[in-house]
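# Secondary and tertiary structure notes
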Amino acid sequence: MTLLLTPAKWLVNLLPLGARPEHHYERLPTPIGHTGPPKTRGVYGTGLKRVCHLACVRRPCRTLLILLGILAGAAVVVFVYILNIPLPPLYSRFHEAELALPQHDASLPFPEGREGRYLWVANHASKCGWGNAMQELFLNAYLAYRSDRAFVFDNYTWSRDESDYSLYNLKPIPSRIPLTALIRGPIVGDAFPAGDHTPRAVVPEYFYEVCQNREIIGSYAVNGPLADASAETLIRAWTERMEPHRCVEVEMTPPEVFDEHLFADARRLLDIWPQFSRSPIVQRFSWSALVELAYDNNRGVISPTISPLVPPLSASPLMDGLARYTPVPGLLALHIRRGDFQGHCFDVLARRSIGYTGFNSFPALHDQWNLPPDISEREKRALYAQHCFPDIDAIVQRVEEIRASPAGRGLSHVYVMTNGSPSWVKKLKTALQRRHAWASVASSRDLFLTPEQKYVGQAVDMLVAQRAQVFIGNGFSTLSGMVVMLRMAAGLPPDATRHW
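Here the structure is a predicted model, which means the values were calculated and not measured. Residues take numbers from 1 onward in each chain, read along the sequence in its written order. Selection of residues for local features in this predicted model requires a pLDDT of at least 70, selection of side-chain atom pairs for listing and counting requires 80 or more, and totals for whole chains, interfaces and linings are taken over all residues. By convention in this description, side-chain values take in all heavy atoms of the structure and omit both hydrogens and water.

## Considering the overall build of the chain
Stated precisely, the cut-off is as follows: Numbering of helices and strands starts at the N terminus; helices are DSSP runs of H or I of at least 4 residues and strands are runs of E of at least 2. Exposure is judged per residue with a 1.4 Å probe applied to protein chains only, and the accessible area is read against the type maximum: over 50% gives exposed, under 20% gives buried, and values in between give partly exposed. We call two residues in contact whenever any of their non-hydrogen atoms come within 4.5 Å of each other. For every accessible area listed, the method is Shrake-Rupley and the probe measures 1.4 Å; residues are considered covered only by the protein chains on display.
For the chain, the count of helices and strands is 21 helices and 15 strands. With 500 residues in all, the chain has 50% of them scored as buried. Restricting the contact set of the chain to residue pairs at least 6 apart, pairs at least 24 apart contribute 77%. A total accessible area of about 24,800 Å² is found for the chain, and carbon and sulfur atoms account for 58% of it.

Structure below.
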């Protein structure tokens, strides 16, 4: 209580005379020679009595104290709420397994060991969604592959601060998740195919052990002179710049080697597609054992008619890469963004007239972004609403259009990848079932996940979408874009990959 009253007392002393209590008067000067305490004219005295009188008599001061009390109480409630939320896992067993990879041996012969060549992109993206991080990760790893270097892979990083936890929407999340909790393949240290002598990927700790003398290159030094360069142009420029040096570290300053503007522009991004899509970086990619186990445990939720005789993914051979993810007949996967994506659609994308992301813009895809040059602001907003943030009626209508298409024949189950609220998801399910008698309609909200699986749940969603007979994605979403990229690389029919 004293902590609350003390600032109130200071505030009262700052009030103008006319705003102070009518019984309060200024102290008179102390007479010369007077040694006693100064006399105060007024019936209420000073200190706590005066503050209590102000709280009871003067409405503005009483309101101020009430507001201060409410704010303090709210702060306490939020603090207690945060303290009572279970802390997320830190995936220490994955960190330990990464450190123990067999290629972390300086005595290994070239092209590995202390004589090997390495690329460490220290300024990789952070504080962004998994879709953004994943698309950059693939291209960074592909740059290392093209330049015959061991790729140095880091965590999926929300925060580079020392704390193991960060707050997101007032809830604690892991500041860093080991990539091996999300994916497998050459990107995170698995072997390349037989006959491919590209050195295996390593972690930063080992890189700093064997690369005491390294060349640190700022991205702008290479990218700066190459305005709006394509991905292939950047790869060749970086390969040439790195050639004289055994160990290269990209400086921890912007821009990224492959930045958001590149990934937003299909013309710049897709010129690498023929080689990139056939490389082991893509073809040998697979999801982590943790993600596949989450999928296996929820097969009955995702698509209840999957035959029990079909072996689970976690029992399949590890070296199959993309080939292990065969389509699930009858499954329709929908990616529907909600929450803060509404502001992104209208306040960022529509305002800047931004189109589909690069990996959502393959020329072979049926749905292409088209923004008429003479469109009005009202019509533009409606167009972005339809394709970027569709309401339930628009979603149901689009699903019916796809179901009636040749690619949609035999669809019987719906899986909704979404961050929408449970109440909104329930309304969507009802609307879908009202329009068509689906055998099942499930969503991300229905999955049963362990604590470790919960924080890689977006990867579980992507695996479902990757295997769906038909996928309807959000052309403005990088997560949808990565699903589209993986489906295209796996050779799935383009007309089975659609957009809102």
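## Observations regarding the sheet that holds strand β9 (residues 247-250)
Put simply, the rule is: Whether two strands pair comes down to DSSP finding at least two bridges between them. Here an angle of 0 to 180 degrees is reported between the N-to-C directions of two axes, which are lines fitted to C-alpha atoms, with helices fitted over the stretch in contact.
The strand order β2-β1-β9-β8 describes an open sheet built from four strands, whose pairing is parallel. Across the chains shown, the open sheet's two edge strands, defined by having one partner strand only, are β2 (150-152) and β8 (215-217). Here the average twist between neighbouring strands, direction ignored, is 20°. Looking at chain direction, strand β1 (residues 118-121) and β2 are connected through three bridges and run parallel. Within β2, the position partnered with Trp-120 by the bridge is Val-152. Set on the sheet, helix α5 (residues 130-146) makes contact with β1 and β2; between it and β2 the angle comes to about 150°. Strand contacts of helix α8 (residues 231-242): β1, β8 and β9, with the helix running at about 150° to β8, the strand carrying the most contacts.

## Considerations on the sheet that holds strand β13 (residues 440-443)
Here we have five strands laid out as an open sheet, ordered β13-β12-β11-β14-β15, and parallel in their pairing. Single-partner strands in this sheet number two, and they are β13 and β15 (497-499). Direction aside, neighbouring strands of the sheet carry axes that sit 20° apart on average. The sheet contact formed by strand β11 (residues 328-336) and strand β12 (residues 413-418) spans six bridges and is parallel. Paired with His-335 across the strands is Met-417, a residue of β12. Sheet strands touched by helix α18 (residues 422-435): β11, β12 and β13. Its angle to β13, the strand with the most contacts, is close to 160°.

## Some thoughts on the pairing of β13
Residue alternation in β13 divides its side chains into two sets, Ser-440 and Ala-442 and Val-441 and Ser-443, and both sets are buried. Pairing of β12 with β13, which is carried by four bridges, proceeds in the parallel orientation. In the strand pairing of β13, Val-416 is matched with Ser-443.

## So, the pattern of salt bridges
How we decide: By salt bridge we mean one thing: a side-chain nitrogen of Lys or Arg within 4 Å of a carboxyl oxygen of Asp or Glu.
Applying the stated rule across the entire model yields 17 salt bridges. For Arg-200, the salt bridge identified is with Glu-112, shortest N-O distance 2.8 Å. Here Arg-200 is found in the loop between β7 (183-184) and α6 (204-210), whereas its partner Glu-112 is found in the loop between α4 (92-99) and β1, with 88 residues between them in sequence. Overall, Glu-112 belongs to the buried group, its relative accessible area being 12%. The salt bridge partner of Arg-267 is Asp-265, with a shortest N-O separation of 3.3 Å. Where salt bridges share partners, they join Asp-367, Arg-398, Glu-401 and Arg-498 into one cluster.

## Some words on the packing of aromatic side chains
Just so we agree on the cut-off: Between 30 and 60 degrees the pair is tilted, below 30 it is stacked and above 60 it is edge-to-face, where a pair is any two Phe, Tyr or Trp rings, Trp via its six-membered ring, whose centres lie within 6.5 Å.
Summed over all chains, the structure comprises 21 aromatic pairs. Measuring from centroid to centroid gives 5.1 Å for Trp-369 and Phe-476, while their planes differ by 75°, and the two rings are edge-to-face. Here the residue Trp-369 occupies a position in the loop between α15 (341-352) and α16 (377-388), and Phe-476 occupies one in the loop between β14 (468-473) and α21 (478-489), the gap between them amounting to 107 residues. Chaining the aromatic ring pairs together yields one cluster made of Phe-138, Tyr-142, Tyr-145, Phe-192, Trp-273, Phe-276, Phe-285, Trp-287, Phe-359 and Phe-362.

## Overview of the side chain of Glu-112
Operational definition: Residues adjacent in sequence count toward polar contacts only when both atoms are side-chain atoms; beyond that, a polar contact is any pair of N or O atoms within 3.5 Å, and within protein one must be able to donate a hydrogen and the other to accept it.
Among the polar contacts made by the side chain of Glu-112, one reaches the side chain of Arg-200 at a distance of 2.8 Å. Setting aside residues up to four positions removed in sequence, Glu-112 forms contacts with Gln-103, Tyr-118, Pro-199 and Arg-200.

## Quick look at the packing of helix α20 (residues 457-467) against α21
In plain terms, the rule: Angle categories: roughly parallel below 35 degrees, roughly antiparallel above 145, roughly perpendicular from 65 to 115, and oblique for all the rest. Helix crossings get a hand from a simple test, with the near helix turned counterclockwise from the far one by less than a right angle marking a left-handed crossing and a clockwise turn marking a right-handed one.
Interhelical geometry of α20 versus α21 gives an angle of 40° and a closest axis separation of 9 Å. It follows from the interaxial angle that α20 and α21 lie oblique. The handedness of the crossing between α20 and α21 comes out as right-handed. Across the interface between the two elements, Gln-458, Met-462, Ala-465, Gln-466 and Arg-467 of α20 pack against Leu-479, Met-482, Val-483, Leu-486 and Arg-487 of α21.

## Brief notes about the environment of Asn-474
As for its position among the elements, Asn-474 is in the loop between β14 and α21. Of the residues examined, Asn-474 reaches a relative accessible area of 1% and is grouped as buried. Sequence-wise, Asn-474 and Cys-388 are 86 residues apart; in three dimensions their C-alpha atoms are separated by 6.3 Å. Apart from residues lying up to four places away in sequence, Asn-474 is in contact with His-335, Arg-337, Phe-341, Asn-360, His-387, Cys-388, Ser-480, His-499 and Trp-500. At 2.9 Å, the side chain of Asn-474 forms a polar contact with the backbone oxygen of Cys-388. At a separation of 2.9 Å, a polar atom in the side chain of Asn-474 contacts the main-chain amide nitrogen of Phe-476.

## Thoughts on the environment of Lys-454
Looking at the element boundaries, Lys-454 is found in helix α19 (residues 451-454). Using a relative accessible area of 54% as the deciding quantity, one classes Lys-454 as exposed. Taking C-alpha positions, Lys-454 is 9.0 Å from Pro-88, a pair spaced 366 residues apart along the chain.

## Things to note about the side chain of His-436
Of note, His-436 is situated in the loop between α18 and β13. A distance of 3.4 Å separates polar atoms of two side chains, one belonging to His-436 and the other to Arg-403. Not counting the four nearest positions on each side in its chain, His-436 is found in contact with Glu-400 and Arg-403.

## Considerations on the environment of Glu-292
When you line up the elements, Glu-292 lands in helix α13 (residues 289-297). Classification of Glu-292 by relative accessible area gives buried; the value is 1%. When the C-alpha atoms of Glu-292 and Val-464 are compared, they prove to be 9.9 Å apart, with 172 residues separating the residues in sequence. Those residues within four positions of Glu-292 in sequence are excluded, and the remaining contacts are Arg-184, Trp-287, Leu-313, Ser-314, Arg-324, Tyr-325 and Leu-463.

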